[in-house]
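Okay, here's what each chain looks like letter by letter:
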Amino acid sequence: MELGVNIDHVATLRNARGGVEPDVLDAAIIAQRAGASAITIHLREDRRHIKDSDLDAIKKNIKTNINLEMAATKEMQEIAVKNKPYSCCIVPEKRQEVTTEGGLDVYSQEEYMRKFIEPLHEAGIVVSLFIDPDEKQIFSAHKCKADFIELHTGAFANAFGTEHEKEEFEKLKTAAALAQNLGLKVNAGHGLNYENVHRMHEIDGLIELNIGHSIISRAVFVGLEQAIEEMKDLIS
Ligand code: PXP
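Attention here is on the structure that accompanies the text. (Residues numbered from 1 in each chain as written. Predicted model: local features only at pLDDT ≥ 70, side-chain atom pairs only at ≥ 80, totals over all residues. Heavy atoms only, no water.)

### Let's talk about the overall build of the protein chain
Where we set the bar: Every helix listed is a DSSP run of H or I at least four residues long, and every strand listed is a run of E at least two residues long, numbered separately from the N terminus. For a compact globule the rule gives 2.2 Å times the number of residues to the power 0.38, and the radius of gyration it is set against comes from C-alpha atoms. Relative accessible area decides the class of each residue, using a 1.4 Å probe on protein chains only: under 20% of the type maximum gives buried, over 50% gives exposed, and in between gives partly exposed. Note on definitions: a residue-residue contact is assigned when non-hydrogen atoms from the two residues lie within 4.5 Å. Accessible surface is estimated by sampling points in the Shrake-Rupley manner with a 1.4 Å probe; for residues, cover comes only from the protein chains shown. The positive count covers Lys and Arg only, the negative count covers Asp and Glu only, and His and the chain ends enter neither. Think of each charge as sitting on NZ of Lys, CZ of Arg, CG of Asp or CD of Glu.
The number of helices and strands found in the protein chain is 10 helices and eight strands. Relative to the 2.2 N^0.38 estimate, which gives 18 Å for 236 residues, the radius of gyration of the protein chain is 17 Å and therefore close to what a compact globule would have. Counting only residues that meet the buried cut, the protein chain has 50% of its 236 residues in that class. Once local pairs closer than 6 in sequence are excluded, the contacts in the protein chain between residues at least 24 apart make up 67%. For the protein chain, the exposed surface amounts to about 11,100 Å²; the carbon and sulfur share of it is 50%. Charge centroids of the protein chain, computed over 27 positive and 39 negative side chains, lie 5 Å from each other.

Following this line, the structure appears as structure tokens:
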């Protein structure tokens with residue numbers, strides 16, 4: 001399994017003071033050096049962490065794949081087509097949420113999503129849909145011609161170490177197998193940390209884990225490069 005490093009919270013820290021440090025591009029350079037398979041950034045509608053200028057700087061200076069997380073809006077579609085990141089991961093977005101709560105509802109907007117994805121594909125961008133481990137959503141992601149799904153591991157992470165862990169884990173395992181049978185490639189992420197990530201080895205064929213908060217938190221104590229290397233050791 002590969003590790004996509006989400007550096008949004010380097011920007012959260014920077015924006016807390018409104019200045020320039022810590023530098024988001026420096027974080028991307030360190031993640032690249034530490035062997036991240038992707039630098040993941042979420043350009044939210046409200047620009048609460050990553051800003052357009054971060055995307056621009058990373059695009060100009062980083063060779064590692066850029067995975068742009070974004071909502072399925074016209075504005076974001078235009079930004080993606082213009083900047084051509086390696087991949088786009090389409091996520092649901094609510095203004096009031098602290099983080100991405102729950103997966104994208106592809107099922108109830110299948111036609112919209114199919115049309116939304118087309119120009120991204122035409123621009124040569126790999127498209128992933130961030131969905132819950134739910135059969136309906138997987139069939140819809142396949143119909144929309146997504147290349148990847150990213151399974152939302154938040155419910156599993158919340159249940160980790162409780163009586164519900166098994167149930168939430170089985171949902172991920174079953175969902176990954178179904179998606180792979182349909183020809184979708186499967187990533188996973190959200191809420192994964194140094195304690196719970198080992199269980200991802202039990203899910204066959206996962207390609208990449210996208211991890212942010214836990215790595216950036218650990219980086220406060222041991223530095224970003226070491227925090228990434230430690231996570232890489234756990235997942236490779
Ligand atoms: N994957 C997606 C699609 C996300 O939206 C996020 C959170 O931004 C993550 C992975 C990373 O989650 P965490 O910060 O909990 O590791």
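Structure shown, so let's carry the discussion forward.
### Focus: the site of the ligand
Counted only if it meets this: A single heavy atom is enough: if one lies within 4 Å of a molecule or strand, its residue is considered near that molecule or strand. A 3.5 Å cut-off defines polar contacts: any pair of N or O atoms within that distance qualifies, except that in protein one atom must be a possible hydrogen donor and the other a possible acceptor, and neighbouring residues in sequence count only when both atoms are side-chain atoms. Side-chain classes follow a simple rule in which Ala, Val, Leu, Ile, Met, Phe, Trp, Tyr, Cys and Pro form the nonpolar group, Asp, Glu, Lys and Arg form the charged group, and the remainder, Gly included, forms the polar group.
Residues in contact with the ligand amount to 14 residues; listed here are only the nearest, E69, E150, G191, G212 and H213. Contact between the ligand and E150: a nitrogen atom at 2.5 Å from a side-chain N or O atom of the residue. The contact in question runs from an oxygen atom of the ligand to an N or O atom on the backbone of G191, over 2.8 Å. Alone, the ligand offers 400 Å² of accessible surface; in the complex the protein occludes 94% of this. Taken together, the residues of the shell around the ligand sort by class into three nonpolar, eight polar and three charged.

### Considering the pattern of salt bridges
Condition: Any carboxyl oxygen of Asp or Glu within 4 Å of a side-chain nitrogen of Lys or Arg constitutes a salt bridge here.
Applying the stated criterion to the full structure yields 14 salt bridges. The closest approach of N and O atoms between E75 and R47, which form a salt bridge, is 2.7 Å. Of this pair, E75 sits in helix α4 (residues 74–83) while R47 sits in the loop between β2 (38–42) and α3 (52–61), placing them 28 residues apart in sequence. We classify E75 as partly exposed; its relative accessible area is 37%. Judged by its relative accessible area of 17%, R47 is buried. Salt-bridge contacts for K143 lead to E110; the nearest nitrogen and oxygen are separated by 3.9 Å. Within this pair, whereas K143 is found in helix α6 (residues 135–143), its partner E110 is found in helix α5 (residues 110–122), the two being separated by 33 residues in sequence.

### What to know about the packing of helix α2 (residues 24–33) against helix α10 (residues 224–235)
Put simply, the rule is: Helix axes are fitted to C-alpha atoms over the stretch in contact, other axes to C-alpha atoms as well, and angles between N-to-C directions run from 0 to 180 degrees. For classification purposes, angles smaller than 35 degrees are called roughly parallel, those larger than 145 roughly antiparallel, those between 65 and 115 roughly perpendicular, and all remaining angles oblique. Each crossing gets its handedness from the near helix: less than a right angle anticlockwise from the far helix is left-handed, clockwise is right-handed.
In the contact formed by α2 and α10, the axes pass within 9 Å of each other and the chain directions differ by 40 degrees. What the angle tells us is that α2 and α10 run oblique. Seen from above, α2 lies across α10 with right-handed handedness. Between α2 and α10, the residues in contact are A27, I30, A31 and R33 and L224, E225 and I228, respectively. In the contact of α2 with α10, the residues fall into five nonpolar, no polar and two charged.

### Observations regarding α2
Test applied: Directions from the helix axis toward the C-beta atoms define the arc.
Buried within α2 we find V24, L25, A27, A28 and A31. Taken around the axis of α2, the buried residues stretch over an arc of 155 degrees, which confines them to a single face. Along its buried surface, α2 packs onto β1 (2–6), α1 (8–17), β2, α3 and α10. Measuring from the backbone nitrogen of L25 back to the side-chain oxygen at the start of α2 gives 2.8 Å, which picks out D23 as the cap. Within two residues after α2, G35 carries a phi angle of roughly 95 degrees, on the positive side.

### A look at the packing of aromatic side chains
Convention followed: Classification of ring pairs uses Phe, Tyr and Trp, with its six-membered ring standing for Trp, and accepts pairs whose centres are within 6.5 Å; under 30 degrees between planes counts as stacked, over 60 as edge-to-face, and the remaining range as tilted. For a lysine, the NZ atom is tested; for an arginine, the CZ atom; a charge sits over a ring if that atom is within 6 Å of the ring centre and within 35 degrees of the ring normal.
Taken as a whole and judged by the stated rule, the model has three aromatic pairs. Ring geometry for Y112 and F116: centres 6.1 Å apart, planes at 25 degrees, overall stacked. You can see Y112 and its partner F116 sitting in helix α5, four residues apart, about one turn around the helix. For F116, a relative accessible area of 4% corresponds to the buried category. Taken together, the ring pairs in this structure connect F156, F160 and F169 into an aromatic cluster. Sitting over the face of the ring of Y194, R218 holds its NZ or CZ atom 5.9 Å from the ring centroid.

### Concerning the side chain of S128
Relative to the helices and strands, S128 resides in strand β5 (residues 126–131). Residue class for S128 comes out buried when judged on its relative accessible area of 6%.

Such coordinate-based values are descriptive only and should not be taken to indicate function.
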